Amino acid sequence: MQIFVNRLFHVQPGEWVKLLQFGMLALLLNAGIGIGFSASDAAFISNVGPDKLPLIFMLTPAVMLVYTALFSYLMVRFSIDHVVDITLAMLFAGGVILWALFEAGLPPEWQTVLYYVLKLYVVAWYIAIYSLFWNFTDTYFDIQDAKRLFPLFSACCALGMAIGASIVGLFAASLPMHYFMLIWSGIVLLTVPVAQLLRRRWQRIADSDIDIEGEEIDVRRQIALVISSFGRSPYVLMLTLTLFVTLLLTNLIEFQYSTVFEVGRSEAQLAALFGQLYAAANIFNLLICLFLFNRLVGRMGVRNVALILPVTYFAAFGFFFLVGGPMAALAAFFAYHGVLTSIEYNNQNLLFNAVPMTVKRPLRTVIEGLAEPLASFLSGGFLLLAAFSSDMRQLSGIGVITSGLLIFIVMALRHYYPAAMTINMRRGWMSFAANVGPGKTSADIRANPAVIDHDRTRELETLLERLETAPPKAVGEIIAAMQNLVLPGDIGIVRGLTRILPKLERAHRLSVIDMLGTIDDAQSIPNMVESAAQLSPFETRKFEGILRNFGDIAIPSLTDCMSNADMSYRARSLSARALAMLSPAQFNSQLDQIVESEVALAHESIESVRNIAQEADQTVALRLLAQAIEERIGASVDFVLELLALGGRLPNFDLLIVSLHSANQKVRGNAIETIESGLNHSTFKMLKPLIEREDKESQSSPTSSQTGICELLSDILQTPRPFEVAAAAHALSQYYDVTDLAPILRNALKSRPTQMVRSTIAILLNLDAEPEPTIIDQISAIQKRPELAKAPIMSLLALAEQLTSVQESLDDRAIDLNGQRMWLRRRHIEDVACRFPALALIMLRMQDGRAYAA
């Protein structure tokens, strides 16, 4: 039953406590607002008249100007937690004071003024509480959690409004209107302990990987930031215009339905009517928020849901224009208090996630505290003048035209949304690529002779043989000699150069890359991309330039490499980038097929790693095998996202991946939202379980028997991934003796195994006279170093190649390998970190210690 409820409401296990506590805060705050709205609307319309509503619209900006200045000051001077306390104190005092003033029996002229004050008081607090609650709640959730849970909070808001409105509807005949202000103050007292509990129980999330909470920005600076953001971000401008025009139309629609409802009703009748309407509207909102909104967003996306309200307002004003009367007023009421509240307000909370982080809170405060009241002032002034010269049908026509304008503005907002989400990820982005200069040392290359000099070729081959066994001090001289001899077409040395390239020092690698560019052999692309996959990002980019320079002749080989599931993901990624530049059409023809196959393989691998993880604590080999498969799944997802970015379906890939792997939930959530907004629903639905899988708990029943795990390991022996094969073979040796193990391991020798696999099997079967530690033993020993314990498998393999029995300096790291003291040299560790940014990131985190260092 609990699983069904979790799935129905999109709530993950363990979230209900947090959800219910924030929901209680929303319910109590909005119960007071529901009471205030129902009571104040009835009191104002019956005692002052709906024709005076334009004055309320015009006076609202003055009230909100004071509120915005005060709220901005409080947000700078105090934390948002203290602002909540201050707000609750003001709410309690305001309700008591209003009750006392009405109870005092003031003269009629002062009573009229008091009705204006009451109406403005409720309008101001409606805007203020809405802004405060979502600013407060937003600090505890990232955008992906917000898309799931904020509709539930809105449902609690709707339920609170319905409860408050129902209280007025039930007791309007027996209680004077001002007594409901006292009830509101009582509800505020119940809210205080809930707000305090939330602050003690839950931890806020920073907006970015760089914590800016401590930065103090005064009110003028906040407003200046907001104004400057209009010029820098078209999205911010469109969002502001959307909210501005929406409020213009909302005030117009409120004026129209209030005018119709007021006819022939007393204050008590109006209070009962509004109580019933508010209750019904908020029950509608409750159902929308609970069961429809998150499905709408999931299916249509945030930017498309933004079109629902403009279209609804267009229809409502069209209904008023064509039909008019009570039914049109009822439709207008539900467009305002139903669709606007349950869909538009929820979606606005998500739209604000694309606002630049540095101005997000001040922008929201300024928009809701100044821009919207300004719209209220303009609409109030217009209605005050037009009410005497225009009938209801003419006002409805103006509403139809303005609604059409709003649809146009939202279409522009929809266009800018993906780019805004992409820009919003940049704050947390860091580049860990090596800062390596080009350092070219190539000799001048002579024109390619018609007949290749065989003596020169033999000399090159001899130098290559010496290079593979030369001591470090001689490597530079040999490479320099080869550079002086190499010419285009020297294809005989390409395989040897690509094989030795990853083992060289950084400066020597750049020289070899230059030689490969000089040779200009497009047939060697598979060897080149596999070798480049083990190099630094800078060196890989140099290889990418070589591949592009091959021109159209490289397209078939690049297509094969990109599609070849036996090659490493880094090699396939390099091939894809070059192919996307050389032949976008050929790249796109392969894109969907590769995405589907990679996603299917990743889902299959998830099942394997779940089973292996159950036994991972039994042997080191199983633990490392599980780690390798997990990292391969992550690399597969990154590869798919890169392909989609190269195909134009997603924005900046590097920025997207760094944000997606961020330890900060908000930065990661923004990345997922960017992916969702850029892909069609079916593609994102296919990818979503892989992107969010680290937050999910498996509901499958993993294989735990020895027979099951051995069958799984035997299957892995026939896969093309060398380390996984070696780890599976090592793990099987824990279950079988040598005699029974030999026929099983033959499966790993059927398809041209790598040296890593051959040596591992030879050691496990005792075929070597003096067996050395296996690759599993080496990596396990390296992981015992704290700074390398969480390093990725690929970087650990590169480090294992650098193990030596000789200590070079005091900075070298000691490795205890089966009782033998081995060493990792400091310069080798730094070089491997340069080649594998993930290792550099882990080492930086170990040195830094701050959360956002991840």
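Located above this text is the structure these notes cover.
Please read these numbers as outputs of a predicted model, since none were measured by experiment.

So, how was this worked out
Residues numbered from 1 in each chain as written. Predicted model: local features only at pLDDT ≥ 70, side-chain atom pairs only at ≥ 80, totals over all residues. Heavy atoms only, no water. Helix = DSSP H or I, 4+ residues; strand = E, 2+ residues; numbered from the N terminus. Contact = heavy atoms within 4.5 Å. Areas by Shrake-Rupley, 256 points an atom, 1.4 Å probe, with all protein chains shown as cover. Core = buried A, V, L, I, M, F, W, Y, C linked by side-chain atoms within 4.5 Å. Buried < 20%, exposed > 50% of the residue type's maximum accessible area, 1.4 Å probe, protein only. 1 Å grid on protein atoms, 1.4 Å probe; cavity = no way out; pocket = protein on both sides within 12 Å on 5 of 7 lines; lining within 4 Å. Points joined across faces, edges and corners; volume = space filled by probe spheres on them. Nonpolar A, V, L, I, M, F, W, Y, C, P; charged D, E, K, R; others polar. Patch = residues over 30% accessible without salt bridge, like charges linked within 9 Å, V, L, I, M, F, W, Y side chains within 5 Å. Salt bridge = Lys/Arg side-chain N within 4 Å of Asp/Glu carboxyl O.

**Some details on the overall build of the protein**
- When helices and strands are counted, the protein shows 36 helices and two strands.
- Restricting to contacts in the protein with at least 6 residues of sequence separation, those with at least 24 account for 78%.
- Summed over all atoms, the accessible surface of the protein reaches about 36,700 Å², with 59% contributed by carbon and sulfur.

**A short note on the nonpolar core**
- Core analysis: the biggest nonpolar cluster contains 147 residues, and Phe-153, Trp-184, Tyr-235, Tyr-257 and Tyr-313 have the highest contact counts within it.
- The dominant element in this core, judged by the number of residues it contributes, is helix 5 (residues 108–138), at 19 residues.
- Ignoring sequence-local partners within four residues, the contact set of Tyr-235 consists of Leu-351, Ala-354, Val-355, Leu-413, Tyr-416, Tyr-417 and Ala-420.
- Formed by 131 residues, the second largest nonpolar core is a distinct cluster that contains Ile-500, Ile-519, Val-640 and Leu-803.

**Some thoughts on empty space enclosed by the protein**
- All told, the structure shown has seven cavities of 30 Å³ or more when counted by the stated rule.
- Of the volumes computed, that of the largest cavity is approximately 390 Å³.
- Lining of the largest cavity is provided by 22 residues; of these, Tyr-126, Ile-127, Leu-247, Tyr-336 and Tyr-345 occupy positions nearest its centre.
- Here the element with the most residues in the lining of the largest cavity is helix 9 (residues 234–262); it accounts for six residues.
- Split by residue class, the lining of the largest cavity holds twelve nonpolar, six polar and four charged.
- Roughly 210 Å³ of internal volume is contained in the second largest cavity.
- Every residue lining the second largest cavity is counted, 19 residues in all, and those nearest its centre are Asn-30, Tyr-130, Trp-134, Cys-157 and Thr-341.

**Some words on the environment of Phe-37**
- For Phe-37, the location among the structural elements is in helix 2 (residues 16–47).
- Accessibility expressed as a relative area gives 5% for Phe-37, which makes it buried.
- Taking the C-alpha atoms as reference, Phe-37 lies 8.6 Å from Phe-274; in sequence the two are 237 residues apart.
- When neighbours within four sequence positions are excluded, Phe-37 is seen to be in contact with Val-122, Tyr-126, Met-161 and Tyr-278.

**A few points about helix 33 (residues 775–782)**
- In terms of burial, helix 33 is largely enclosed, as seven of its eight residues are buried.
- Listed as buried for helix 33 are Ile-775, Ile-776, Gln-778, Ile-779, Ser-780, Ala-781 and Ile-782.
- Residues of helix 33 that are buried in the fold lie against helix 25 (620–646), helix 30 (722–732), helix 32 (755–764), helix 34 (793–800), strand 1 (813–817) and strand 2 (820–824).

**Details of the layout of surface pockets**
- Volume-wise, the second largest pocket comes out at about 570 Å³.
- The wall of the second largest pocket is formed by 21 residues, among which Ala-470, Pro-472, Lys-503, Leu-504 and Gln-802 lie closest to the centre.
- Mapped by element, the contributors of at least two residues to the lining of the second largest pocket are helix 16 (454–469), helix 17 (472–485), helix 18 (494–500) and helix 35 (826–835).
- With four residues, helix 35 is the single largest residue contributor to the lining of the second largest pocket.
- Across the lining of the second largest pocket, the residue classes tally to nine nonpolar, four polar and eight charged.

**Observations regarding a nonpolar patch on the surface**
- Side chains of Ile-97, Leu-101, Leu-106, Trp-110, Val-113 and Val-117 sit close together on the surface and give an oily, nonpolar patch of about 510 Å² of accessible area.
- Those elements that place two or more of their residues in the nonpolar patch are helix 4 (80–103) and helix 5.
- Of the residues forming the nonpolar patch, the biggest block, three residues, is contributed by helix 5.
- As for its position among the elements, Val-117 is in helix 5.
- Residue classification places Val-117 among the partly exposed positions, given a relative accessible area of 38%.

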